[in-house]
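Working through the structure, step by step
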Amino acid sequence: MTLSLPALVAVAVLGLLGIGVAGLLITRNLIKVVVGIQVMTKGGMLAMVLAGHLSGRVQTGAALALTVIVADTIVSVVALAFAVQVRRRFGTLDLQALSTLRR
Amino acid sequence: MFDLLIVAATLLCALQAIRSPRLLMSALWLASASALTALLMYLLGAPEVAVIELSVGAGLVTVLFVFAINIAGEEVADLRALVPRPLAWLAALGAMGLGAWMAIPGLRAPGGPLPEPAFAAVLWEQRGLDVLLQVVLIIGGVLGVLGLLAEGRAHVRKEKQS
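Since the model is a prediction, treat every value here as computed from it, not as a measurement.

What follows concerns the overall build of chain A. Check the secondary structure of chain A and you find four helices and zero strands. Burial statistics for chain A: of 103 residues in total, 61% are counted as buried. Long-range contacts, defined here as pairs at least 24 residues apart, represent 56% of the contacts in chain A between residues at least 6 apart.

Let's shift gears to the overall build of chain B. Regarding its fold elements, chain B presents six helices and zero strands. Per-residue burial for chain B yields a buried fraction of 35% across its 162 residues. Relative to all contacts within chain B whose residues are 6 or more apart in sequence, the contacts with residues 24 or more apart total 54%. Element-wise, carbon and sulfur atoms account for 73% of the exposed surface of chain B, whose accessible area totals about 9,800 Å².

A separate point is the interface of chain A and chain B. Contact residues are listed per partner, giving 67 residues for chain A and 77 residues for chain B. Overall, the association of chain A and chain B removes approximately 6,600 Å² of surface from exposure, summing both partners, and the carbon and sulfur fraction of that is 77%. Our count for the contact surface shared by chain A and chain B stands at one salt bridge. Its salt-bridge partner being Glu53 of chain B, residue Lys42 of chain A comes within 3.4 Å of it at the nearest N-O pair. Among the elements of the structure, α1 (5-26), α2 (30-55) and α3 (58-90) of chain A are those that each provide at least two residues to the side of chain A that touches chain B. The leading source of residues in the side of chain A that touches chain B is α3 of chain A, at 25 residues. When grouped by side-chain class, the residues that make up the side of chain A that touches chain B number 41 nonpolar, 18 polar and eight charged.

All names here are of chain B. Contact pair helix α2 (residues 23-43) / helix α3 (residues 47-72): the axes reach a minimum separation of 8 Å and the direction vectors enclose 175°. When the interaxial angle is binned, α2 and α3 end up roughly antiparallel. Residues Leu23, Leu24, Ala27, Leu28, Leu30, Ala31, Ser34, Ala35, Ala38, Met41 and Tyr42 of α2 pack against Pro47, Val49, Ala50, Glu53, Leu54, Gly57, Ala58, Thr62, Phe65, Val66 and Ile69 of α3. Taken together, the residues that form the contact of α2 with α3 break down as 18 nonpolar, three polar and one charged.

Its place among the elements puts Ile69 of chain B in helix α3. What Ile69 of chain B contacts, discounting residues up to four positions off in sequence, is Ile31 of chain A together with Leu23, Leu24, Ala27 and Glu74 of chain B.

Rules and cut-offs
Residues numbered from 1 in each chain as written. Chains lettered and ligands numbered in written order. Predicted model: local features only at pLDDT ≥ 70, side-chain atom pairs only at ≥ 80, totals over all residues. Heavy atoms only, no water. Helix = DSSP H or I, 4+ residues; strand = E, 2+ residues; numbered from the N terminus. Buried < 20%, exposed > 50% of the residue type's maximum accessible area, 1.4 Å probe, protein only. Contact = heavy atoms within 4.5 Å. Areas by Shrake-Rupley, 256 points an atom, 1.4 Å probe, with all protein chains shown as cover. Buried area = accessible area lost by both parts, 1.4 Å probe. Salt bridge = Lys/Arg side-chain N within 4 Å of Asp/Glu carboxyl O. Nonpolar A, V, L, I, M, F, W, Y, C, P; charged D, E, K, R; others polar. Axes fitted to C-alpha atoms, helices over the stretch in contact; angles between N-to-C directions. Parallel < 35°, antiparallel > 145°, perpendicular 65-115°, else oblique.

In structure tokens form, the structure reads like this:
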């Protein structure tokens, strides 16, 4: 049995989204949270390109995926800078410790 | 067969990125997942965006991750969340099932490629607003990072004085 390319990519999209959600749920480390967001966003941008491929408008899908790439990069840059600052100030990357912090 | 192999490798890399206990290994697995995603985009007929994803997603973001991990330290990381692990995977599987239920009817959409202008024309003319938004986002991101880093320096200076 051979699966077509769109069906396989749909599996990849769903898998990436699911793995990203699981990654967000199972960790408390701030940098691992950014990794989870990145994995989810990869699923999202792949979904844009797949939708363009299926509807026959590849270039529009690609243009949207480009916007997703830019937004995703900015989000991870700011989140990583935030993580570095949190680590410098509070000495931990643990989200649980941060949420119960009293200073 | 080749496609199946790439999809399986992508999912494996993403899974390892989530599960790997060391942050640095996690960043490297994420980079390979990104490269394989770019390959899938190329196979779907969007080479321009695949190149950008390869250079930005697998290159720039990985450099940033390694940089941040260097500064923040490899604090490992048996930080388990409050949600028990099986429950988290169950929730993720449920979300995937719902997504599949919604997405599968769309896969049978009829269609060959429609006549369409080139990528650059679509991006700059039809999606001009998106380009504007991207510029604003980049400026906002740069300002945000500058603000965060500057605040850190001020904090250090204050500590030295006191």
